[in-house]
Amino acid sequence: MKYNFVLDSSCELPEEIIKEINPTYVDFSVSINEKKIDKNISNEELIKLLSESENPPTTAAPSPGDFLNGIKKEGETFCVTISSKLSAAFQNANLAKNLFLEECKKNVHVFDSQSASAGESLIVLKIKEYIDKGFNFNEIVEMVEKFIKNMRTYFVLDSIENLRKNGRLSTIAGFVLELLSIKPVLSGQNGEIKLKAKARGLKAAQKKLLDIVLEDKEKLDGATVVITHFNSEENANRLSEKIKQYTNVKDIYVLKTKLLSSVYADNGGIIISY
């Protein structure tokens, strides 16, 4: 059976997986000061643009037409999108699915990741795992939907500026956190961003993140973990090594964020899903 993957551009994947599944990527549009940003922009240039801009970056979800072009390709289709509570991508993908099914018959399912970045990546890896094990389309959908409900996503940000600019933190809360050098540990809960913990300074926040993850030691045994980062490879690798040291994880992937995730993670951001 041939399978077709349609993914939005908040989903990072290892190159070897991309070669195996040959996904269709549908890109978010990202603008800073009303200027559209090329998805291949360097980290250095993106960091400079973000730091110099007084206005928040703006993003636009892929259109139903963008998703439809991917769904039309041969094979039963799995589509994975960023959380429906963060973007219209999930709704647009479902609209494309319904338009396609009015004229054609094949299996198409759109997964609301209830997450972003590392969470979406992990879902794609889980789908591939079940395909490789020989499960059929409907079995995969059922198992992956259950997996999403139990998935954990956490992230630590060195800078909260873009969260503040985009209204994720109040101006007062953002000012107080910055004044006290407080770094938040955030979590994805039911598709929304919640404060999980906070610490004084980035190293302390990263240690707090590790402690939170290690509390799930039983869940991590035999699990696959995805860590994504924006311009923080050394810290992401250190987190990966600590997890390997203290748990019996099956695989850990450390990946660089794509443009959309980079904009919201900001310089130094780390995201982990398992």
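What counts and how
- Residues numbered from 1 in each chain as written.
- Predicted model: local features only at pLDDT ≥ 70, side-chain atom pairs only at ≥ 80, totals over all residues.
- Heavy atoms only, no water.
- Pairing = 2+ DSSP bridges.
- Helix = DSSP H or I, 4+ residues; strand = E, 2+ residues; numbered from the N terminus.
- Axes fitted to C-alpha atoms, helices over the stretch in contact; angles between N-to-C directions.
- Buried < 20%, exposed > 50% of the residue type's maximum accessible area, 1.4 Å probe, protein only.

Colleague: Would you take a moment to explain the sheet that holds strand E11 (residues 224-229) for this structure?
Modeller: Within a sheet, each strand pairs with its neighbour through backbone hydrogen bonds, oriented either parallel or antiparallel. Strand order in the open sheet formed by six strands is E10-E9-E8-E13-E11-E12, and the pairing between neighbours is mixed. Each of the sheet's edge strands pairs with one partner strand only, and the pair in question is strand E10 (192-200) and strand E12 (251-256). Along the sheet, successive strands turn relative to each other by an average axial angle of 20 degrees, direction set aside. Note that E11 and E12 share six bridges and pair parallel. Paired with Ile-227 across the strands is Val-254, a residue of E12.

Colleague: Can you help me understand the pairing of strand E13 (residues 270-273) in this one?
Modeller: Side-chain positions along a regular strand alternate between the two faces of the sheet. Side chains Ile-270 and Ile-272 of E13 all project onto a buried face; the interleaved residues Ile-271 and Ser-273 project onto the opposite face, where all are buried too. Relative to E13, strand E8 (residues 153-156) is paired through four bridges, and the arrangement is antiparallel. Across the sheet, residue Phe-155 finds its bridge partner in E13, namely Ile-271. Across four bridges, E11 lies against E13 in antiparallel orientation. Of the residues in E13, the one forming a bridge with Thr-228 is Ile-271.

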